[in-house]
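# Geometric and topological summary
Okay, here's what each chain looks like letter by letter:
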Amino acid sequence: MWQKSHRNARRTFPTGTPPIPSPYPLAPSPPPPPMPRAVAMFSGGLDSSLAVRVMQNQGFEVDALYVRTPFCSGVDDSAAAARSLGIRHTVRDVGEDYVEVLCRPRYGYGSAMNPCIDCRIYMARMAREFMEELGASFVISGEILSQRPMSQKRHHLALVAQRSGLEGRLLRPLCALHLEPTLPELSGEVDRQRLYRFDGRGRRPLLELAEQLGVTVTPTPSTGCALTERSFAPRVQDLIQFTPDPTLWDFALLRIGRHTRLADGAKAIVGRDQQENASLRAMAPQGDPDRTILLEPANFLGPDALLVGPDAQAHVQTVATMIVRHTRQVPEDGPPQVRVTQGKSSTVSEASMRV
Ligand code: SF4
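Residues numbered from 1 in each chain as written. Predicted model: local features only at pLDDT ≥ 70, side-chain atom pairs only at ≥ 80, totals over all residues.

Take the environment of Leu85 next. By the secondary structure assignment, Leu85 is in helix α3 (residues 75-85). For Leu85, a count of 23 C-beta atoms within 10 Å corresponds to the buried category. Each C-alpha atom, one on Leu85 and one on Leu50, is 9.6 Å from the other, the two residues being 35 residues apart in sequence. (Helix = DSSP H or I, 4+ residues; strand = E, 2+ residues; numbered from the N terminus. Buried ≥ 20, exposed ≤ 12 C-beta atoms within 10 Å, placed from the backbone.)

A word on the nonpolar core. Counting residues in hydrophobic clusters, the biggest one holds 87 residues, and the most contacted among them are Ala38, Ala40, Val139, Ala305, Leu307 and Ile323. When residues in this core are grouped by element, the largest group, ten residues, is from helix α5 (residues 116-134). In this structure, this core is formed jointly by two domains, domain 1 (37-226) and domain 2 (256-350), each of which donates at least three residues. Leaving out residues up to four positions away in the same chain, Leu307 has contacts with Ala266, Ala268, Ile293, Leu295, Ala312, His315, Val316 and Val319. (Core = buried A, V, L, I, M, F, W, Y, C linked by C-beta atoms within 7 Å. Domains from an automatic or database assignment. Contact = placed C-beta atoms within 7 Å.)

Turning our eyes to something else, we now look at the environment of Gly271. Tracing the backbone through its elements, the reader meets Gly271 in the loop between β7 (267-270) and α11 (274-283). Looking at Gly271, the number of C-beta atoms within 10 Å reads 23, which means it is buried. Beyond its immediate chain neighbours, meaning those up to four positions away, Gly271 contacts Gly257, Glu276, Asn277, Leu280, Pro303, Asp304 and Ala305.

Considered domain by domain, the protein chain is made up of domain 1 (37-226) and domain 2 (256-350). Taken over C-alpha atoms, the centre of domain 1 sits 41 Å from the centre of domain 2.

An order of β3-β2-β1-β4-β5 is seen for the five strands of this open sheet, with the pairing classed as parallel. Every interior strand has two partners, whereas the edge strands, β3 (88-93) and β5 (170-171), have only one. In the packing of helix α2 (residues 46-56) onto the sheet, contacts are made with β1 (37-41), β2 (61-68) and β4 (138-141), and the angle to β1 comes to roughly 170 degrees. (Pairing = 2+ DSSP bridges. Axes fitted to C-alpha atoms, helices over the stretch in contact; angles between N-to-C directions.)

What follows concerns unusual backbone geometry. Here the phi dihedral of Ser146 falls at roughly 65 degrees; this positive angle occurs in a residue that is not glycine. Tracing the backbone shows Ser146 in the loop between β4 and α6 (154-163).

The subject of this paragraph is the sheet that holds strand β9 (residues 305-308). One open sheet accounts for six strands, arranged β6-β7-β9-β8-β10-β11; its pairing is antiparallel. Of all strands in the sheet, those bounded by a partner on one side alone are β6 (258-261) and β11 (345-350). Here the average twist between neighbouring strands, direction ignored, is 20 degrees. In this sheet, β9 lies alongside β7 in antiparallel orientation, the contact comprising four bridges. Bridge assignment links Ala268 to a residue of β9, and that residue is Leu307.

On to the pairing of strand β8 (residues 292-297), then. Regular strands show a simple pattern: their side chains alternate between the two faces of the sheet. The element β8 is largely enclosed, with a buried count of five among its six residues. Where β8 lies against strand β10 (residues 337-342), four bridges are found, and the strand directions are antiparallel. Residue pairing for β10: Leu295 is matched across the bridge by Val340.

Take a look at the structure:
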């Protein structure tokens, strides 16, 4: 009893007397509480970068998630933007079930073959899974009300949150003041007063905010998605029309080479430069061996070609002739030959020079 009251007695020292050093080691100070965490659906464009910075300024640790489709070209820019914001950057590829989004979008296509609403729902679902894995509280995106006609109307934003399972947990910091408060705003975890009320397509106010918040990477606006290009749409339509059960691999091929539809639902894809030839060679082993044949010039310089279709063998000679047609250097000492590879078997055939 005496010891306890002695230990707890308040010590006082005369003014100017240095404190007596404690005979016991000081307990280490407790670690600071972990920063609250959010996941950003992150393209690396101006809007998603601003959304991240707004949340960083509220003390959140943000993890960027880039969902890659076969039609996206912005992954490197996205990684660079994440680096400049000092956040982790994770890339995840869409799965085979994304084909359903491409072929039968519940909410239709935009001005080209872009199923943006279904695609946003799909990506928000992936963000929810990532959020749950990390133990983060919510997901943010840089969407701005009415900025894009296909997917950023008020009811589209609500639909994406609802159908992705993120209702109340998908926060759009740049237009939040136009929308119902989300759960983190209602709980006070996020200060709603420090969110924004942007709408429409104007870029100047966003650039001003970027300057104010020190966001230095401000790329020019672009979806970076081939599906939004009208010139790309016929390829997508052709694939859906002629291939009963296309795979993600079939869709990934759409960005490579010159495509020619042949009889019986077969298709020839001829490389237009060395990079495309290399891409066709890399893609060939990933295709269904029963319907995929790679053709490469064997004794001359020319493009490679991929032949895809249910009865592909029937078209080997046609595609070999196409390869010859696209070369300027046919051999002088004999007929041009083409290596034909299907699955693990490879043969060499003479190509007809008749066009
Ligand atoms: S632009 Fe492309 S990636 Fe973006 S939501 Fe639309 S379909 Fe999806």
